[in-house]
Amino acid sequence: METVLLTGGMGYIGSHTAVELLREGYDVIIADDLSNSSAEVLDSIEKITGIRPLFYQVNAADKEQMQPIFRDRAVSAVIHFAGYKAVGESVAKPLMYYRNNIDSALTVLELMAEHEVQRFIFSSSATVYGEHNVPPMTEDLPTGGITNPYGWTKYMIEQILRDAAKADQELSVVLLRYFNPIGADESGLIGEKPNGIPNNLMPYVAQVAAGIRDHLNVFGNDYPTPDGTGIRDYIHVTDLARGHVAALRYSRTHTGAETFNLGTGRGVSVLELIHAFEKANGIKIPYEIAPRRAGDIAEMYAAPDKAEKILHWRAEKTIEDCCRDTWRFQKKIADELRILRSH
Ligand code: UD1
């Protein structure tokens with residue numbers, strides 16, 4: 001059995017990937033400092049899969065804390081999710097973002113070299129395509145022209161990984177560029193739980209549906225798109241998680257660095273997403289048109305062909321599935337809050 005180490009494995013994408021790996025029979029170890037997640041996620045993973053992964057509460061950038069995992073466990077591959085991810089915060093605190101995100105990638109790579117672990121899967125982002133490329137985005141487009149430090153950390157780590165793979169012929173690196181992950185596991189037990197006011201569209205919509213916020217602000221309706229609102233490629237987090245399983249399988253038999261988009265190839269506007277949520281769940285989402293958000297682009301969606309051809313993976317869930325599953329999880333966390341308040 002293969003043992004896979006997930007740094008940041010308690011987070012939104014990491015926890016869903018842990019579930020899919022366990023469902024496929026992999027042995028999973030999670031390393032997470034719980035800086036943006038909670039220990040209960042482990043209970044939920046166990047409830048869903050019947051298996052409790054080994055958990056280390058450590059900071060992935062801290063070599064001494066990470067060392068025992070590599071020393072004591074036969075790790076065959078690492079999926080590196082650990083990292084800060086709030087775009088706005090990265091503009092305000094760039095050094096914190098560069099220090100944390102780049103350090104954790106370097107620490108894990110050094111430990112892998114010392115312990116002869118040769119497979120590294122990286123959580124990159126479609127944000128590396130920047131503002132100059134025209135969708136659909138293919139993996140061979142030039143990257144750069146990014147509008148925030150968070151995105152630049154992804155860009156820089158991609159380059160570090162390509163250089164590492166060039167220098168070490170035995171290393172297998174897979175760069176996964178995520179488009180916009182939404183939705184939750186069908187069980188409703190794990191999902192996205194933003195701290196404070198959500199920055200991203202779907203968590204905000206879910207909080208409006210739950211009555212936590214009274215309306216959604218639609219950032220701009222004067223983009224050159226059919227309804228004037230921004231277009232993105234929303235991908236169900238379970239599909240995304242399965243993309244990691246496919247990448248892991250691929251990395252067994254390939255060396256060097258290879259890049260794949262994980263997206264659906266379908267562009268959906270902000271208004272279309274609101275209406276899909278309303279239809280799937282029978283809830284009205286009040287919204288107002290607001291000014292454009294700084295750094296946003298009109299359109300971003302994937303060319304998903306390379307992943308389909310080489311990884312034999314493609315996104316299967318619909319936008320309705322995404323809306324239904326998001327709401328199921330949002331209701332669960334709203335119920336928990338209500339119970340807490342009533343005690
Ligand atoms: C954002 C980040 C991206 C990151 C991704 C993670 C920016 C510029 N980009 O992508 O780097 O990888 O999150 O998921 O922040 N919208 C509204 N109202 C809202 C929130 C969003 O109208 O309250 C609109 C946005 O203008 C955009 C779309 O919804 O058109 C999606 O926004 P969001 O969910 O924040 O994702 P991105 O901006 O695509």
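Read on for an overview of the structure. The residue count restarts for each chain, going from 1 along the sequence in the order it is written. Per-residue local features are limited, in this predicted model, to residues with pLDDT of at least 70; the limit for side-chain atom pairs, both in listing and counting, is 80 or more; totals at the level of whole chains, interfaces and linings are taken over all residues. In computing side-chain properties, one takes all heavy atoms of the structure into account and sets aside hydrogens as well as water.

Observations regarding helix 3 (residues 63–72)
Next, step 1: Buried, partly exposed and exposed residues are distinguished by accessible area as a fraction of the type maximum, computed with a 1.4 Å probe on protein chains only: under 20%, between the cut-offs, and over 50%, respectively. Helical segments are the DSSP runs of H or I of at least four residues, strand segments are the runs of E of at least two, and each set is numbered from the N terminus. Taken residue by residue, helix 3 has Met-66, Ile-69 and Phe-70 as its buried positions. Buried residues of helix 3 fall within an arc of 90° about the axis and therefore sit on the same side. Facing away from the buried side of helix 3, by more than 90 degrees, are the exposed residues Glu-64 and Arg-71.
Next, step 2: Turning to helix 3, the residues buried within the fold contact strand 1 (3–7), strand 2 (27–31), strand 3 (54–56), strand 4 (77–80) and helix 5 (94–114).
Next, step 3: Measuring from the backbone nitrogen of Glu-64 back to the side-chain oxygen at the start of helix 3 gives 3.1 Å, which picks out Asp-62 as the cap. The directions considered for the arc are those from the helix axis to the C-beta atoms. Residue contacts are defined here by distance: any two heavy atoms, one from each residue, within 4.5 Å place the two residues in contact. Polar contact criterion, stated in full: a pair of N or O atoms within 3.5 Å, where within protein one must be able to donate a hydrogen and the other to accept it, and residues adjacent in sequence count only if both atoms are side-chain atoms.

With respect to the side chain of Glu-192
Next, step 1: Assignment of secondary structure puts Glu-192 in the loop between strand 7 (180–182) and helix 7 (201–209).
Next, step 2: In contact with Glu-192, not counting residues within four places along its chain, are Tyr-12, Lys-85, Asn-200, Pro-203 and Phe-329.

Some remarks on the site of the ligand
Next, step 1: Throughout, near means a residue has at least one heavy atom within 4 Å of the molecule or strand. As a structural note, the neighbourhood of the ligand is formed by 19 residues, with Leu-201, Asn-217, Arg-232, Arg-293 and Asp-296 the closest of them.
Next, step 2: Within the backbone of Leu-201, one N or O atom sits 2.8 Å away from an oxygen atom of the ligand.
Next, step 3: Side-chain polar atom of Asp-296 to an oxygen atom of the ligand: 2.6 Å apart, as the coordinates give it.
Next, step 4: Using a 1.4 Å probe, the Shrake-Rupley method yields the accessible areas, and only the shown protein chains count as cover for residues. Contact with the protein chains removes 87% of the 750 Å² of surface that the ligand exposes when unbound.
Next, step 5: By residue number, the principal contributor to the shell around the ligand is strand 8 (residues 216–219), which donates 4 residues.
Next, step 6: Charged means Asp, Glu, Lys or Arg here, nonpolar means Ala, Val, Leu, Ile, Met, Phe, Trp, Tyr, Cys or Pro, and polar covers whatever is left, Gly included. Across the shell around the ligand, the residue classes tally to 8 nonpolar, 8 polar and 3 charged.

Focus on the side chain of Ser-44
Next, step 1: Inspection of the secondary structure puts Ser-44 in helix 2 (residues 40–49).
Next, step 2: Take Ser-44: its relative accessible area is 11%, and that puts it in the buried class.

What about the packing of helix 5 against helix 6 (residues 149–167)?
Next, step 1: All axes are obtained by fitting lines to C-alpha atoms, using only the stretch in contact for helices, and the reported angles, taken between N-to-C directions, cover 0 to 180 degrees. For the pair helix 5 and helix 6, the least separation of the axes is 9 Å and the interaxial angle reads 25°. What the angle tells us is that helix 5 and helix 6 run roughly parallel. Here helix 5 and helix 6 pass one another in a crossing that is right-handed. For the pair helix 5 and helix 6, contact is made by Pro-94, Tyr-97, Tyr-98, Asn-101, Ile-102, Ala-105, Leu-106 and Leu-109 and by Pro-149, Tyr-150, Trp-152, Thr-153, Met-156, Ile-157, Ile-160 and Leu-161, respectively. To sort the angles, those under 35 degrees are grouped as roughly parallel, those over 145 as roughly antiparallel, those from 65 to 115 as roughly perpendicular, and the leftovers as oblique. Left-handed describes a crossing whose near helix is turned anticlockwise from the far helix through less than a right angle; right-handed describes the clockwise counterpart.

Let's talk about the packing of helix 7 against helix 9 (residues 270–281)
Next, step 1: The N-to-C vectors of helix 7 and helix 9 enclose an angle of 40°; their axes lie 11 Å apart at closest approach. Considered as vectors, helix 7 and helix 9 are oriented oblique to each other. Crossing handedness for the pair helix 7 and helix 9: right-handed. In this structure, helix 7 contributes Leu-201, Met-202, Val-205, Ala-206 and Ala-209 to the contact, and helix 9 contributes Val-270, Leu-273 and Phe-277.
Next, step 2: Grouping the constituent residues of the contact of helix 7 with helix 9 by class yields 8 nonpolar, no polar and no charged.

A short note on the pattern of salt bridges
Next, step 1: Between Lys or Arg on one side and Asp or Glu on the other, a salt bridge is scored when a side-chain nitrogen of the former is within 4 Å of a carboxyl oxygen of the latter. Within this structure, the stated rule accounts for 22 salt bridges.
Next, step 2: Between Glu-110 and Lys-63 there is a salt bridge, with its nearest N and O atoms 2.9 Å apart. Here Lys-63 lies in helix 3 and Glu-110 lies in helix 5, a separation of 47 residues in the sequence.
Next, step 3: Judged by relative accessible area, Lys-63 falls into the partly exposed class, the value being 27%.
Next, step 4: Across the pair Asp-222 and Arg-292 runs a salt bridge whose closest N-O atoms are separated by 3.0 Å. With Asp-222 in the loop between strand 8 and strand 9 (231–232) and Arg-292 in the loop between strand 13 (287–290) and helix 10 (305–311), the pair connects residues that are 70 residues apart, well separated along the chain.

Re the sheet that holds strand 6 (residues 172–178)
To summarise the sheet geometry, strands pair through backbone hydrogen bonds and adopt either a parallel or an antiparallel arrangement.
Next, step 1: Two strands qualify as a pair provided DSSP detects at least 2 bridges between them. Strand order in this open sheet of 7 strands is 3-2-1-4-5-6-11, and the pairing throughout is parallel. Because the sheet does not close on itself, it has two edges, and the strands there are strand 3 and strand 11 (256–262). Averaged over neighbouring strand pairs, the angle between their axes works out to 20° when direction is ignored.
Next, step 2: Sheet topology places strand 4 next to strand 5 (residues 119–125); 3 bridges connect them, and they run parallel. The residue of strand 5 that forms the bridge with His-80 is Phe-122.
Next, step 3: Contacting strand 1, strand 2, strand 3 and strand 4, helix 3 runs over the sheet at an angle of about 170° to strand 1.
Next, step 4: Strands in contact with helix 6 are strand 5, strand 6 and strand 11; relative to strand 5, the strand with the most contacts, it is inclined by about 155°.

That's the geometry; what it means functionally is another story.
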